[in-house]
Amino acid sequence: MKPTPTFCKTDYQFLRELILKSKNSTNTKEANQLSQELDRAIISKEDELDSSVIRINSFVTIEDVKAKKQMKIQIVLPSIADVKEGKISILAPLSVAIIGFKENDEVDWELPAGIKTLKIIAVSNQ
């Protein structure tokens, strides 16, 4: 069973606006998936949000459960995304798969080659 994502109100509203603005672009599928995650999310107050919840600008260490490979990324706005620097757009499939979840959660990431299970190892919010 998939964990339920959690967002603070400001991130939630920001992501809703971002989805509306990006609907006509190349990432319609990801925007729709993010919208579905927001639909089922728990919205909490800014000061009550668990510090280990993945948000915009979070630094995250994730592990491919099967391959036992870890990677470190930062979730950023599409305008500053840079894969070489590990900065992944909030609208990229990987970000959509993990945003709103927290340390120790396991989530499934849909790839063309099949579904990967990712474990969230560490989250840092500055």
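In what follows, the structure referred to is the one given above.
Quick word on the layout of surface pockets
- Approximately 270 Å³ is the volume attributed to the largest pocket.
- In terms of lining, the largest pocket is formed by 15 residues, of which the most central are Lys2, Gln33, Ala97, Asp108 and Glu110.
- Counting only elements with at least two residues in the lining of the largest pocket, the list comes to helix 2 (28–39), helix 3 (93–98) and strand 6 (106–111).
- For the lining of the largest pocket, the element with the most residues is helix 2, which contributes five residues.
- Looking at the lining of the largest pocket, its residues break down into seven nonpolar, two polar and six charged.

Let's talk about the packing of helix 1 (residues 9–22) against helix 2
- Remark: helix 1 packs on helix 2, axes separated minimally by 10 Å, with the N-to-C direction vectors making an angle of 150°. Of the possible angle classes, the one that applies to helix 1 and helix 2 is roughly antiparallel. Between helix 1 and helix 2 lies a crossing of left-handed hand. Counting all contacts with helix 1, which are made through Tyr12, Leu15, Arg16, Ile19 and Ser22, the residues of helix 2 involved are Ala31, Leu34, Ser35, Leu38 and Asp39.
- Partitioned by chemical class, the residues of the contact of helix 1 with helix 2 number six nonpolar, two polar and two charged.

A short note on the pairing of strand 4 (residues 69–76)
- As paired strands, strand 3 (residues 59–64) and strand 4 are joined by six bridges and run antiparallel to one another. The residue bridging Ile62 from the neighbouring strand is Met71, located in strand 4.
- In this structure, the hairpin formed by strand 3 and strand 4 is closed by a connection of four residues, where Lys68 is found at a positive phi of approximately 55°.
- Where strand 4 meets strand 5 (residues 87–89), three bridges bridge the pair, whose relative direction is parallel. Residue Val76 lies in a different strand from strand 5, and its bridge partner there is Ser89.

Here we look at the environment of Lys72
- Secondary-structure assignment places Lys72 in strand 4.
- In this structure, the C-alpha to C-alpha distance between Lys72 and Lys102, residues 30 residues apart in sequence, is 15 Å.

Thresholds, definitions, all that
Residues numbered from 1 in each chain as written. Predicted model: local features only at pLDDT ≥ 70, side-chain atom pairs only at ≥ 80, totals over all residues. Heavy atoms only, no water. 1 Å grid on protein atoms, 1.4 Å probe; cavity = no way out; pocket = protein on both sides within 12 Å on 5 of 7 lines; lining within 4 Å. Points joined across faces, edges and corners; volume = space filled by probe spheres on them. Helix = DSSP H or I, 4+ residues; strand = E, 2+ residues; numbered from the N terminus. Nonpolar A, V, L, I, M, F, W, Y, C, P; charged D, E, K, R; others polar. Axes fitted to C-alpha atoms, helices over the stretch in contact; angles between N-to-C directions. Parallel < 35°, antiparallel > 145°, perpendicular 65-115°, else oblique. Left-handed = near helix turned anticlockwise from the far one by under 90°. Contact = heavy atoms within 4.5 Å. Pairing = 2+ DSSP bridges.

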